[in-house]
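# Coordinates in review
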Number of protein chains: 2
Amino acid sequence: MRIARIAHAGGVHHAALEGDTARIVADPFGGAAAALSADRLVPLAEARLLAPVLPRTLVGMAHNTGLEDRRLPPQAFLKAPRSVIGPGEPVALPPGVGRVDAEAELAVVLAGSPEGHTLDTVLDCVFGCTVANDITARDLQRTDPLWTSAKGRRGFTPLGPWIETDLDALRPDDTEVALSLDGVPLPPASTRRLARGIAEILCHLGDYLPLGPGDVVLTGAPGAYGPLRPGGEVSASVAGIGTLTNPVTGSLPGAGRPAPAGDPV
Amino acid sequence: MRIARIAHAGGVHHAALEGDTARIVADPFGGAAAALSADRLVPLAEARLLAPVLPRTLVGMAHNTGLEDRRLPPQAFLKAPRSVIGPGEPVALPPGVGRVDAEAELAVVLAGSPEGHTLDTVLDCVFGCTVANDITARDLQRTDPLWTSAKGRRGFTPLGPWIETDLDALRPDDTEVALSLDGVPLPPASTRRLARGIAEILCHLGDYLPLGPGDVVLTGAPGAYGPLRPGGEVSASVAGIGTLTNPVTGSLPGAGRPAPAGDPV
């Protein structure tokens, strides 16, 4: 089932997407909309998709981009929760920060805490999966070793377009992740290539990080990534979920200079 | 005015503390309790103080502990928002993480985003101030350079006991911060000693970090800090606000070994 968050004439609600229709549902993460009738239908044409969840905790995995990263211990980073934006919302490139990269990732949306779970049971904590763009000011990672100003900036975490809750159909540990910059697709890669899969990531985080319903885990970029251009557009896709597209605005000093390719972090 | 969050027979609510009485108030940060009557009174003896706010963003300042830190550029770190606990809740020391330090700090609770503000106007974004204990697994800061596992652990951010909203009386840029371990007070210090004061911190964060109502900024520990002991107790105090006390549970390998003193980070 696809669960979205929509803005429509009646307000902002979570909704199950069924063809051209959004069926309003109670907030799956226990927010204020929980008492809402489940029978209300909104034509999708009259609704705008928002970020499907506003997480309290937004956590990503460092160096989880290829099998060779297994040589390093797992390591997590926090992004500012309010850096989340929805499909179609502009990513504004801040002046003076240098190169800003897009990274397409599978994002896990939690139904509950993975604390105390094993590899065999930890997927019980998963509500569903969505698409994330882990936007990163690459040059700032060097000057800010805590990454706060490189990854947590306003608009730096597009999420969406919806949450796919059918994990059996999605098979999140072997699904293709792709990035497209200004309409040009980059080479995709399967989540199978990640150093650590979803269950291993969640067990690692469950060992120490307090997590709960609606929290979001970015699992790492298995494929190619690349720099954003002012006036351009970025699309992140996960097979079995969908495509998350955002326009890019703002200006970058030196943006005309070609940026070298490299491995995402 | 002192604003607390209390658990009582009628549920969990924000309340203004007036002597021995808590007057229930609407959630000052726009949550579900906003429609509540403002006339309900609860005897404080029948209420338990909780963390006064559950922030979406919990951000601290690195190396802001003394004037010499001005030689370094300002740098922020994110703590996991669900690491927040209230007064009296136990801090459980995880096994195997080595030394765990308490750091007493003044915490700023935001009424809104500091984006676009100047040093002259940025205090308009402040809802009030509370006391924070920025608990830090010191050894893990060396093995996890992103600090996520060192600072973001379950129970690692006691907050409280309430929010003082009268900044004119509090004078948060020159008030004494003190830490007491197992009943033994450590040397206190004024927030005047911080490398950067509240207005400068908020302007720095407003430049890039998306912040909003109820978010919490830990301003740095101006005074001495020290290691937690299983079975002990830790109290952090800010003059003009109050004292935040938490019991310490759990066991630390090597906890009997005296830990060297040093500067907090």
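Fair warning: this is a prediction, and the values are worked out from it, not measured in the lab.

Turning to the sheet that holds strand 10 (residues 100–102) of chain B, a few remarks are in order. Hydrogen bonding along the main chain pairs the strands of a sheet, whether they run parallel or antiparallel. Taken in spatial order, the three strands make up an open sheet running 13-10-19 (chain B), and their pairing is antiparallel. Edge strands, defined here as strands with exactly one partner in the open sheet, are strand 13 (136–137) and strand 19 (226–227) of chain B.

The next point concerns the relation of the copies chain B and chain A. Superposing chain B onto chain A takes a rotation of 180° plus a shift of 0.0 Å along the axis, which leaves an RMSD of 0.0 Å. With respect to symmetry, the two chain copies, as superposed, fit the operation of a two-fold axis. Looking at the interface residues of chain B, 100% of them are also at the interface in chain A, so both copies use one shared face.

In the predicted model, chain A carries a mean pLDDT of 92, and the fraction of residues at 70 or more is 91%. Across residues 253–265 of chain A, confidence stays below pLDDT 50; counting only partners more than four residues off in sequence or on other chains, it has 25 contacts.

Let us now look at the packing of aromatic side chains. Residue and element names in this part refer to chain A. A full pass over the atoms with the stated rule returns four aromatic pairs over all chains. The interplanar angle of 65° and the centroid separation of 4.9 Å between the aromatic rings of phenylalanine 29 and phenylalanine 127 together place this pair among those described as edge-to-face. Here phenylalanine 127 lies in strand 12 (residues 126–133) and phenylalanine 29 lies in the loop between strand 3 (21–25) and strand 4 (41–43), a separation of 98 residues in the sequence.

Moving on to the domain arrangement of chain A. Residues and elements named next belong to chain A. For chain A, the assigned domains are domain 1 (2–50) and domain 2 (58–250). Relative to domain 2, the C-alpha centre of domain 1 lies at a distance of 24 Å. Summed over both partners, the interface of domain 1 with domain 2 buries about 930 Å², with 67% contributed by carbon and sulfur atoms. By the criterion of area lost to domain 2, the three top residues of domain 1 are Arg2, Ile3 and Phe29, representing 63% of everything that side buries.

Our focus in this paragraph is the environment of B:Ala169. Within the secondary structure, B:Ala169 is located in helix 3 (residues 167–170). The exposure class of B:Ala169 is exposed, given its relative accessible area of 61%.

The next point concerns the UniProt feature "domain: Fumarylacetoacetase-like C-terminal" (unreviewed entry) in chain A. Residues given the UniProt feature "domain: Fumarylacetoacetase-like C-terminal" (unreviewed entry) here are residues 71–248 of chain A. Each end of residues 71–248 of chain A is marked by a C-alpha atom, and these two atoms are 35 Å apart; helix forms 13% of the span and strand 37%.

Moving on to the state of the cysteines. Under the counting rule described, the total for this entry stands at zero disulfides over all chains. Free cysteine A:Cys129: the closest other cysteine sulfur is in A:Cys125, separated by 13 Å. Between B:Cys125, a cysteine without a disulfide, and B:Cys203, which holds the nearest cysteine sulfur, the sulfur-to-sulfur distance is 8.2 Å. For B:Cys125, a relative accessible area of 3% gives the class buried.

Our focus in this paragraph is the pattern of salt bridges. This structure, assessed with the given rule, holds 24 salt bridges over all chains. Across the pair A:Arg23 and A:Glu18 runs a salt bridge whose closest N-O atoms are separated by 2.8 Å. Judged by relative accessible area, which is 24%, A:Arg23 ranks as partly exposed. For A:Glu18, a relative accessible area of 38% translates into the label partly exposed. Its salt-bridge partner being A:Glu115, residue B:Arg154 comes within 3.4 Å of it at the nearest N-O pair. Note that B:Arg154 is positioned in the loop between helix 2 (148–151) and strand 14 (157–164) and A:Glu115 in the loop between strand 11 (104–110) and strand 12, a pairing that runs across two chains. Using a relative accessible area of 26% as the deciding quantity, one classes B:Arg154 as partly exposed.

Residue and element names in this part refer to chain A. Judged by pairing direction, the sheet is antiparallel, and its three strands sit side by side in the order 13-10-19 without closing on themselves. The strands lining the two open edges of the sheet, one partner per strand, are strand 13 (136–137) and strand 19 (226–227). Relative to strand 13, strand 10 (residues 100–102) runs antiparallel, the two being bridged by two bridges. Looking across to strand 13, one finds that valine 100 is bridged to alanine 137.

Let's shift gears to the interface of chain B and chain A. Accessible area lost on assembly of the parts is the figure often given for the size of an interface. Taken together, the contacts link 33 residues of chain B with 33 residues of chain A. Carbon and sulfur atoms make up 56% of the area that chain B and chain A hide from each other, which totals about 3,100 Å². The interface formed by chain B and chain A contains four salt bridges. In this structure, the connection of chain B to chain A is made through 22 residue pairs in polar contact (both at pLDDT 80 or more).

Basis of the calculations
- Residues numbered from 1 in each chain as written.
- Chains lettered and ligands numbered in written order.
- Predicted model: local features only at pLDDT ≥ 70, side-chain atom pairs only at ≥ 80, totals over all residues.
- Heavy atoms only, no water.
- Pairing = 2+ DSSP bridges.
- Helix = DSSP H or I, 4+ residues; strand = E, 2+ residues; numbered from the N terminus.
- Least-squares fit on C-alpha atoms with pLDDT ≥ 70 in both.
- Contact = heavy atoms within 4.5 Å.
- pLDDT = per-residue confidence, 0-100.
- Phe/Tyr/Trp six-rings, centres within 6.5 Å; stacked < 30°, edge-to-face > 60°.
- Domains from an automatic or database assignment.
- Buried area = accessible area lost by both parts, 1.4 Å probe.
- Buried < 20%, exposed > 50% of the residue type's maximum accessible area, 1.4 Å probe, protein only.
- UniProt positions renumbered as here; feature names shortened; annotations may be inferred.
- Disulfide = S-S within 2.5 Å.
- Salt bridge = Lys/Arg side-chain N within 4 Å of Asp/Glu carboxyl O.
- Polar contact = N/O pair within 3.5 Å; in protein donor to acceptor, adjacent residues only side chain to side chain.

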